[in-house]
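Descriptive structure summary
So you can see what is in the structure, the chains are spelled out below.
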Amino acid sequence: MKVLGIESSCDESAASIVEDGHKLLSNVIATQIEIHARFGGVVPEVASRQHLLQFIPVVRGALEQAELDWKDLDAVAVTQGPGLAGSLLVGINLAKSISFAHGIPFLGVNHLEGHIYANWLEGGQYDGEQREDPPFPLVALIASGGHTDIVLMNDYGTYRLIGRTRDDAAGEAFDKCARVLGLGFPGGPVIEQVARTAEGRAALPRPWMKGTHDFSFSGLKTAVLRLAESLRETPPSDARIAEIAAGFQDSVVEVLVGKTIAVANEVGAKAILMSGGVAANSVLRSEMVRQSPVPVYCPRPGLCTDNGAMIAACGYFRARTGHLSGLDMDVVPNLPLG
Ligand code: KG4
Ligand code: ZN
């Protein structure tokens, strides 16, 4: 079964074709990062207009790369939510048009569910190793720009939310920390890069939120802001900025890893899955791998951040259980998982 996956929840216009939820036949992403970087973050109105401009060539590119025609497709899967309403609308209307014009079944997919299924893609793991499909029960950490969730999966399509952020998402914290340090947008990749050059670590708190599996990153963000403000009195050196970036990254990594592994131990998970843009962070990944008592699955960086392949893979697993959507399906900007 060949599924075309369309993702437009934020600032990536992405389309991909995946066979049977595993085989990546094509993967095309038109990013808008440079446009939004000027504003220091994603501007929703700009994002939806940009999707309109770039999506048709992206979808054509996905067909060409896979050397397929419309008639070869068995389903079109699209992100229904969560995400920016205007951006989601562009992807959904595109998917509906394709479905209507070519008579191809259509289904809406949860973006967070999609992030998890990036771990089923063949050759999609960070180390390029071929793996068995992840075993159940498993614990999935979804860490992105909008979410930080720990989810228990006992089987395909079943999700129990065990922990979530009570304020900022991990990726949002990376983006805000980078902004106050004057490092630009998006924050995750640049913090990771700058932190590599650090010789020491700025002392920053670990937001453990004891007694709960939930997260809170806003206090850490304020602590970084205070340190950054103190730098204004003397000219900030690159070395000091690197120390703060490294201290911040260490704190986020320690808490994400510690809490995910605690949940995995508690529920007797057979695997830990990582997903979402923050999972592209190599320090987070290597610490999870080093500390986890069970196998860790993590997509390669390009499949951690938003892409169409994860939507196509997820669409396959939903479609095979008979889940299809009608053309009256609407966007759900705050769609919950499960
Ligand atoms: O999953 P994603 O592409 O979009 C959302 O669904 O939100 O995640 C984007 C987030 C951004 O906040 C970005 O700063 C963060 O993922 N990110 C990273 C890294 N690469 C992207 N965070 C930490 N380290 C990275 N290498
Ligand atoms: Zn995402």
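In the block above lies the structure referred to throughout.
So, here is what we can say about the structure in this document. (Residues numbered from 1 in each chain as written. Chains lettered and ligands numbered in written order. Predicted model: local features only at pLDDT ≥ 70, side-chain atom pairs only at ≥ 80, totals over all residues. Heavy atoms only, no water.)

1. A few points about the pairing of strand 5 (residues 106-110)
Within strand 5, five of the five residues are buried, which leaves the element mostly enclosed by the surrounding structure. Of the two faces of strand 5, the one holding Phe 106, Gly 108 and Asn 110 and the one holding Leu 107 and Val 109 are both buried throughout. Sheet topology places strand 4 (residues 75-81) next to strand 5; five bridges connect them, and they run parallel. Following the sheet pairing, Thr 79 is matched in strand 5 by Val 109. For the segment spanning strand 4, helix 3 (residues 85-102) and strand 5, crossover handedness is right-handed. (Buried < 20%, exposed > 50% of the residue type's maximum accessible area, 1.4 Å probe, protein only. Helix = DSSP H or I, 4+ residues; strand = E, 2+ residues; numbered from the N terminus. Pairing = 2+ DSSP bridges. Right-handed = clockwise from strand over helix to strand, strands pointing away.)

2. Overview of the coordination of the zinc ion (ligand 2)
In an ideal octahedron of six donors the angles at the metal are 90 or 180 degrees, and in an ideal tetrahedron of four donors they are 109.5 degrees. Taken together, His 111 (NE2), His 115 (NE2) and Asp 306 (OD) make up the protein donors of the zinc ion (ligand 2), found 2.0 to 2.1 Å from the metal. Each donor residue of the zinc ion (ligand 2) belongs to the same chain, with the gaps between them written as H-x3-H-x190-D. Here Asp 306 lies in the loop between helix 10 (301-304) and helix 11 (308-319) and His 111 lies in helix 4 (residues 111-117), a separation of 195 residues in the sequence. Looking at His 111, the relative accessible area reads 6%, which means it is buried. Residue classification places Asp 306 among the buried positions, given a relative accessible area of 14%. (Donors = N, O, S within 2.8 Å, 3.2 Å for Na, K, Ca; no water.)

3. Quick notes on the packing of helix 5 (residues 170-180) against helix 8 (residues 238-267)
Between helix 5 and helix 8, whose axes approach to 11 Å, the crossing angle comes to 175°. Classified by the angle between their axes, helix 5 and helix 8 sit roughly antiparallel to one another. Taking contact as the criterion, the partners of Ala 170, Ala 173, Phe 174 and Cys 177 in helix 5 are, on helix 8, Phe 248, Gln 249, Val 252 and Leu 256. When the residues that make up the contact of helix 5 with helix 8 are grouped by side-chain class, the tally is seven nonpolar, one polar and no charged. (Axes fitted to C-alpha atoms, helices over the stretch in contact; angles between N-to-C directions. Parallel < 35°, antiparallel > 145°, perpendicular 65-115°, else oblique. Contact = heavy atoms within 4.5 Å. Nonpolar A, V, L, I, M, F, W, Y, C, P; charged D, E, K, R; others polar.)

4. Regarding the site of ligand 1
Around ligand 1 there are 20 residues in total, and Gly 145, Asp 175, Gly 188, Glu 192 and Gly 277 lie nearest to it. Between an oxygen atom of ligand 1 and a side-chain N or O atom of His 115, the distance comes to 3.1 Å. At 2.8 Å from an oxygen atom of ligand 1 is found a main-chain nitrogen or oxygen belonging to Gly 145. Burial of ligand 1 by the protein chains amounts to 88% of its free accessible area of 550 Å². Counting residues per element, the ones that place at least two in the shell around ligand 1 are helix 4, helix 5 and helix 6 (187-195). Take the shell around ligand 1: its biggest share by element is four residues, from helix 6. Looking at the shell around ligand 1, its residues break down into five nonpolar, 12 polar and three charged. (Near = heavy atom within 4 Å. Polar contact = N/O pair within 3.5 Å; in protein donor to acceptor, adjacent residues only side chain to side chain. Areas by Shrake-Rupley, 256 points an atom, 1.4 Å probe, with all protein chains shown as cover.)

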